[in-house]
Amino acid sequence: MNIYTDYIKEIEERKGQGLHPKPIDGAELLSAIIDQIKDLNNEYREDSLNFFIYNVLPGTTAAANVKAKFLKEIILGTSVVEEITPAFAFEQLSHMKGGPSVEVLLDLALGSDAAIAKEAAEVLKTQVFLYEADMARLEKAYNEGSAIAKELLESYAKAEFFTKLPEIEEKIDVVTFIAGVGDISTDLLSPGGDAHSRSDRELHGQCLFEHNKEQQAELKAVQAQHPDKRVMLIAEKGTMGVGSSRMSGVNNVALWTGIKASPYVPFINIAPVIAGTNGISPIFLTTVGVTGGIGLDLKNWVQQKDADGNTICDEEGEPILKEVYSVKTGTVLTINTKEKKLYNGDTELKDISAAFTPQKMEFMKAGGSYAVVFGKKLQTFASQVLGVDVVPVYAPSKEISIEGQGLTAVEKIFNKNAVGTTPGKTLHAGSDVRVEVNIVGSQDTTGLMTSQELEMMAATVISPIVDGAYQSGCHTASVWDDKSKANIPRLMKFMNDFGLITGRDPKGVYFPMTDVIHKVLNDITVGDWDIIIGGDSHTRMSKGVAFGADSGTVALALATGEASMPIPQSVKVTFKGEMKSYMDFRDVVHATQQQMLKQFGGENVFQGRIIEVHIGTLTSDEAFTFTDWTAEMKAKASICISEDDTLIESLEIAKGRIQIMIDKGMDNEKQVLKGLVDKANTRITELKTGIKPSLRPDANAKYHAEVIIDLDEIAEPMIADPDVNNEDVSKRYTHDNIRPLSYYGGTKKVDLGFVGSCMVHKGDMKILAQMLKNIEAQTGKVEFKAPLVVAPPTYNIVDELKAEGDWEVLQKYSGFEFDDSAPKGLARTKYENMLYLERPGCNLCMGNQEKAEPGDTVMATSTRLFQGRVVKDDGEKKGESLLSSTPVVVLSTILGRTPTLAEYEAAVDGIVLTKFKPSQKQLVR
């Protein structure tokens, strides 16, 4: 069989799944298709023509290279295809988004045939994805006197690729569709268990609403009833897109409800309309902007107030909500983009100007944020070559500067890293800023999409201004199945070639590392003034400021070394009082959320803002436990304010771990890792000499709110409970329901425990080992009444535990230990009452490979308690994932139930859980 018949066989197999032919990205297959097109008598010629025209992925894919060259032959007349005229060939080139297509267009535009050159130039004027090599070629031609090159540069200097685009519609009619009540996790839109199919967009689209075919049919029915309207997907009485950025979630929504990006590129839709009663999760909203979509904060339910303006609460202390206007499924609304208001008929419902800032409207007009970023770069280049001022085509960056007002920590970082702002102007929150990015992270279940995005924007090498970038293998660590074997090595090779440090070496020089990406990024971030972008919502470092992002924004950061966003407002968090000896720092994290909600009458002042936590005395590992959880607080990001000595200690730890990576052979030809060590050494010298102290906000900085956490109030372990049986559906599966251990009375059955994910560090593993020794000393043996799954976040931790003797303790009590030479090929579905020592990585927290048994009650150290994430429901009982500290998880599995406070105190007796004491120093400038 040849490659084409193999493709036909695959097409028949996909038909059985209700799928169309898979888009073509390989050169060999497309070359065979072209041969069949040239053979006028070939039985497959008609199908081959359709595949060539409508089913090839653009950008820098191998197939795009072959397609561009054949279109060039048609334009030059060296190949003749009756169905593809030269004009049609030019049209197809115009949809191929850079790379080989731009190279071909430049060949033609700068060639000797004047008529062809003119046509090529007209197409090039619409293109924005030009890279350094393309621009250098154009500049050279201009300097040599090329009239076409001059014409192109003049067009680019005027940004005609943007100005000649049609304006967005003044009125957009939408029909509502309630996707769910309460916070909607991105798992509903793109389940973690389907991560393997994300790069196959049509296949992945079948998992929308977690494969709920009835709900999918309801959506289709609404579309059929309103064929002239766009569907607005809504989180009723909740926030849309909590949990992660999940570009695949936006892609799925766009696939079902959006607009086709190009007639010649299959299954890529843009411009979805998404909304929530409490708006859109910050990082998910960024992802919506990547596609030129619309994200609305509806506020259609509001808290009721008494005559004095105080929030009215029910018997359980929860705010009582009142419906201001209905958005029930099937409601027809109108978005007026000129007035920036939402209407039902002639009735004004809501001002939605926040969704239609000048910058967001540019994204909508251009079909996504990429085109705007590249367009600005291209316009600047052309203006410089021509020696003219940049014409103000794009909306000017919003620059807010308040005289006499100091800067928060995030404002200081953004001012330091800003690009293209008014020289000498100090910017405050609300300003729109382009910033240079220091560190970029890509993880393995979104990395395949990032690699596709890089191909589609025709990028081939990492930006030289990025200090370092890492591609992890953590999300597929627990099961090395056929899907992983097919996808991950291919991803690692692409990213390694692109310039990233990769968890797996395509050449096999060093052992595959499955370390949790957030932990690696936390170590390789060696600047407290750094900006970090990562393809996961838990990209929240204890140094610098880090933003979780969609796969496309990660691709853009890798390709350009830049990101664009408004400077967020900050909420200042400080501490008072003293921790009790039997409390874990995880309890401080949960108490922060609980006390904040109490102080602000149930309003989450963290949502969409920076949490500036004055943690002071905690080194990076333990401080990361706080910053990591801020994703669940719905914050945009978090910044740790540290004492100088604490920061020095954290940098020394980071240096040691980076050196281990170097010793394993993970550095590349550019010696990126060595450069990070050098940067850390420089920063340590600055701190020790006082040349540049650690990052501190100004004493007169302005905050949206200030929260003071009273450590004296934390009297017992705190647990985040999904409250799966709450009568109010909107209050289920939120991270705001924080309960004390005593709430459960020592009687709640626990079916499985999980110690792992990015929320734990080496200290947690040592606590686990010591607890097991304590329990054996107290009872004579360790007997598990529920399974305990343990997944250390990194191999470094395992190595250090082995060196210090703790791993031997864990081995003694375990019934399973991971074997890197023979990793599991199948996901575990049943668990015995014993300790499982799993491979470093995300494991149960991701929910994409292994899960607890359906209907289980899980006690876990992880971050996500969403429905179906760690555990699915069964026919009789809802699965529930309660989140707590390592000691609570361990003891719950020993007992098979939640412990009493007395049992807990006895189990941790003599164990140092945390040494956290609030800093006594002034952490402001």
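Here, the structure is the one placed above.
This section reports on the structure supplied with the text.

Reading guide: rules and limits
Residues numbered from 1 in each chain as written. Predicted model: local features only at pLDDT ≥ 70, side-chain atom pairs only at ≥ 80, totals over all residues. Heavy atoms only, no water. Helix = DSSP H or I, 4+ residues; strand = E, 2+ residues; numbered from the N terminus. Rg over C-alpha atoms; globule rule 2.2 N^0.38 Å. Buried < 20%, exposed > 50% of the residue type's maximum accessible area, 1.4 Å probe, protein only. Contact = heavy atoms within 4.5 Å. Polar contact = N/O pair within 3.5 Å; in protein donor to acceptor, adjacent residues only side chain to side chain. Axes fitted to C-alpha atoms, helices over the stretch in contact; angles between N-to-C directions. Parallel < 35°, antiparallel > 145°, perpendicular 65-115°, else oblique. Left-handed = near helix turned anticlockwise from the far one by under 90°. Nonpolar A, V, L, I, M, F, W, Y, C, P; charged D, E, K, R; others polar. Pairing = 2+ DSSP bridges.

On a plain count of helices and strands, the protein comes out with 31 helices and 33 strands. For 925 residues, the compact-globule estimate of 2.2 N^0.38 gives 29 Å, and the protein sits close to it at 28 Å. Once the C-alpha set of the protein is aligned to its principal axes, its extents read approximately 90 × 70 × 65 Å. Here the protein, with 925 residues, has 61% of them falling under the buried criterion. Contacts in the protein between residues at least 24 apart in sequence constitute 73% of all its contacts with a sequence separation of at least 6.

Position of K762 among the secondary structure elements: in helix α27 (residues 762–779). Relative accessible area serves as the criterion here: at 17%, K762 is assigned to the buried category. Among the polar contacts listed, one links the side chain of K762 to the side chain of E800, at a separation of 3.3 Å. Contact partners of K762, with chain neighbours within four places excluded, come to I797, E800, L801 and E804.

Let's shift gears to the packing of helix α21 (residues 517–524) against helix α24 (residues 620–629). Two elements in contact, α21 and α24, have axes whose closest approach is 11 Å; the angle formed by their N-to-C orientations is 125°. Looking at the two axes, α21 sits oblique to α24. Relative to α24, the crossing made by α21 is right-handed. Residues H518, K519 and N522 of α21 lie in contact with α24, whose contacting residues are S620, D621 and F624. In terms of residue class, the contact of α21 with α24 is made up of 1 nonpolar, 3 polar and 2 charged.

Okay, the sheet that holds strand β3 (residues 230–236) next. A sheet is described by the order of its strands in space; here 7 strands give the open sequence β8-β7-β3-β1-β11-β12-β13, paired in mixed fashion. At either end of the open sheet lies a strand with only one pairing partner, and these are β8 (294–297) and β13 (347–351). Geometrically, the sheet is characterised by an average inter-axis angle of 30° between neighbouring strands, direction not taken into account.

Attention now goes to the sheet that holds strand β16 (residues 439–442). Read from one edge of the open sheet, 5 strands run β18-β17-β16-β19-β20, paired in parallel fashion. Only two strands of the sheet have a single neighbouring strand rather than two, namely β18 (501–502) and β20 (545–548). Across 4 bridges, β16 lies against strand β17 (residues 468–471) in parallel orientation. Bridge pairing in β17 places V440 opposite A469. Together, β19 (531–534) and β20 form the strand contacts of helix α18 (residues 409–417), whose direction differs from that of β20 by roughly 85°.

Our focus in this paragraph is unusual backbone geometry. The backbone of K97 sits at a positive phi, close to 55°, despite the residue not being glycine. Since its relative accessible area comes to 32%, K97 is described here as partly exposed. We note that K634 has phi near 70°; this positive angle belongs to a residue other than glycine. For K634, the location among the structural elements is in the loop between α24 and β24 (637–642). Take K634: its relative accessible area is 12%, and that puts it in the buried class.

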